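Observations on chain architecture
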Amino acid sequence: MLSRRQKHILLKFFSMFSVVRGYNILVIVIAQYLTSIYILAHDIPVKQVLFDLNLFMIVLASAATIAGGYIINNFYDSEKDLINRPIKSRLDKLVSQNTKLSFYFVLNFSAVIMASYVSFKAVLFFSIYIFAIWFYSHKLKKILFIGNFTSAILTITPFFAIFMYYRNFETVIFVHAIFLFLMVSMRELTKDLENIKGDLAQDYQTIPIKYGERASKIMLTGLSIVTIVPICLLLYYFNIGFMYLYFYLCILLLIMFLMLLWKSKTKTHYLILHNILKFIIVAGVFCIVLINVNLVLKSI
């Protein structure tokens, strides 16, 4: 049996894990490594990529920066989350705001230190990234259109870190990036529909609040159609191995998404839509291995 103190410490741990969204960070770490192995450094032996200390430091710095970003975002959104996510908010409040901020500064400082091992350019990159996350959470998040656009850019920024490291300028990489950017943009707009009550209470100028749900649905429909463009390019103009199965699944899920979108009216409906998009994004991470299923086996 755990003592009362041990239970308290365990709850604090789960609270901080919830604040930094550890599960999201784990997915991003996996995504960075799979992107390096299968897309950005596909001509380099797998073991060399896996044991590259510079890449390891970039991934760790990214993880620390993102964790810090979640903390500062949680700090500024605490009142809004009480309305939108009451259960999660109660768990998050088990850790004091002072503790969260202290952890935020430690994580950002650690990220810069790890980046310094790689190069001065890496330090500059992560310093700008850290500032951009703070500025987004503090100011940009409440601004119409800019908030959504900035959020989507910040979400895919960790992949730019490894892109800059490998300096691989193949066209297929940019097409993958466009696909991911569009999917993240759709998810952000769907989240705005899901969180409309909390955003309205805290005077957030989101698209659903400013133009209404119908206009938001029209925009999501447009984004869904535009997303088909990079999918078709990847399917018919580039060698993506068995990953074509994933993109065909994406088309089916996007059709399902659109069918449900125009029937959605409640927070629960929008949560389902949000989870469909989240599934597409997360599944895409693990489906990267389908580009060349024999790559890892050949390298062992």
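Here, the structure is the one placed above.
Figured I'd write up the structure that's included with this text. (Residues numbered from 1 in each chain as written. Predicted model: local features only at pLDDT ≥ 70, side-chain atom pairs only at ≥ 80, totals over all residues. Heavy atoms only, no water.)

Here helix α2 (residues 22-40) spans 25 Å end to end across 19 residues, near enough to the 27 Å set by a 1.5 Å rise per residue. For α2, the buried fraction is high: 14 of the 19 residues fall into the buried class. (Helix = DSSP H or I, 4+ residues; strand = E, 2+ residues; numbered from the N terminus. Expected span 1.5 Å × (residues − 1). Buried < 20%, exposed > 50% of the residue type's maximum accessible area, 1.4 Å probe, protein only.)

A few words now on a nonpolar patch on the surface. A surface patch of nonpolar side chains, amounting to about 920 Å² of accessible area, comprises Val 229, Leu 233, Tyr 236, Tyr 237, Phe 242, Tyr 244, Leu 245, Tyr 248 and Val 293. Within the residue set of the nonpolar patch, elements represented by two or more residues are α13 (213-237) and α14 (244-261). Sort the elements by how many residues they give to the nonpolar patch and α13 lands first, with four residues. (Patch = residues over 30% accessible without salt bridge, like charges linked within 9 Å, V, L, I, M, F, W, Y side chains within 5 Å. Areas by Shrake-Rupley, 256 points an atom, 1.4 Å probe, with all protein chains shown as cover. Salt bridge = Lys/Arg side-chain N within 4 Å of Asp/Glu carboxyl O.)

Further remarks concern the environment of Ser 36. Topologically, Ser 36 is positioned in helix α2. Residue class for Ser 36 comes out buried when judged on its relative accessible area of 0%. Considering only alpha carbons, one finds Ser 36 and Phe 159, 123 residues apart in sequence, at a separation of 9.1 Å. In this view, Ser 36 contacts Ala 41, His 42, Val 49, Leu 55, Ile 162 and Tyr 166; residues no more than four positions away in its chain are not counted. (Contact = heavy atoms within 4.5 Å.)

On to the side chain of Asn 74, then. Position of Asn 74 relative to the elements: it lies in helix α4 (residues 53-76). Judged by relative accessible area, Asn 74 falls into the buried class, the value being 7%. Setting aside anything within four residues of it in sequence, one finds Asn 74 in contact with Val 19, Asp 81, Asp 92 and Lys 100.

The next subject is the pattern of salt bridges. In this structure the tally under the stated criterion is two salt bridges. Arg 187 is the partner of Glu 188 in a salt bridge, and the nearest nitrogen-oxygen pair spans 3.2 Å. Looking at Glu 188, the relative accessible area reads 7%, which means it is buried. Residue classification places Arg 187 among the buried residues on the basis of a relative accessible area of 16%. Across the pair Lys 191 and Glu 188 runs a salt bridge, and its minimum N-O distance is 3.8 Å. A residue pair is termed a helical-turn pair when its members lie 3 or 4 positions apart in one helix, as Lys 191 and Glu 188 do in helix α10 (residues 171-194) at three residues. Accessibility assignment for this pair places Lys 191 and Glu 188 in one class, buried.

With that settled, the discussion passes to the nonpolar core. Among the nonpolar cores identified, the biggest contains 87 residues, and Tyr 246, Phe 247 and Ile 280 are the most heavily contacted of them. Ignoring any residue separated from it by four or fewer positions in sequence, one finds Phe 247 in contact with His 176, Phe 179, Ile 231, Leu 234, Leu 235 and Ile 240. (Core = buried A, V, L, I, M, F, W, Y, C linked by side-chain atoms within 4.5 Å.)

This brings us to unusual backbone geometry. Positive phi outside glycine occurs at Phe 145, with the angle close to 70°. Positionally, Phe 145 belongs in the loop between α8 (120-138) and α9 (146-166). In this structure Phe 145 comes out as partly exposed when scored by relative accessible area, which is 39%. Backbone geometry at Arg 167 places phi at a positive 55°, although glycine is not the residue there. In this fold, Arg 167 is placed in the loop between α9 and α10.

So, about the packing of aromatic side chains. All told, the structure shown has 18 aromatic pairs when counted by the stated rule. Aromatic side chains Phe 179 and Tyr 246 sit 6.4 Å apart centroid to centroid with 90° between the ring planes, which places their arrangement in the edge-to-face category. In this pair, Phe 179 sits in helix α10 while Tyr 246 sits in helix α14, placing the two residues 67 residues apart along the sequence. Look at Phe 179 and you get buried, because its relative accessible area is 7%. The exposure class assigned to Tyr 246 is buried, which follows from its relative accessible area of 4%. Cluster of aromatic residues (ring-pair linked, three or more members): Phe 160, Phe 163, Phe 169 and Phe 174. (Phe/Tyr/Trp six-rings, centres within 6.5 Å; stacked < 30°, edge-to-face > 60°.)

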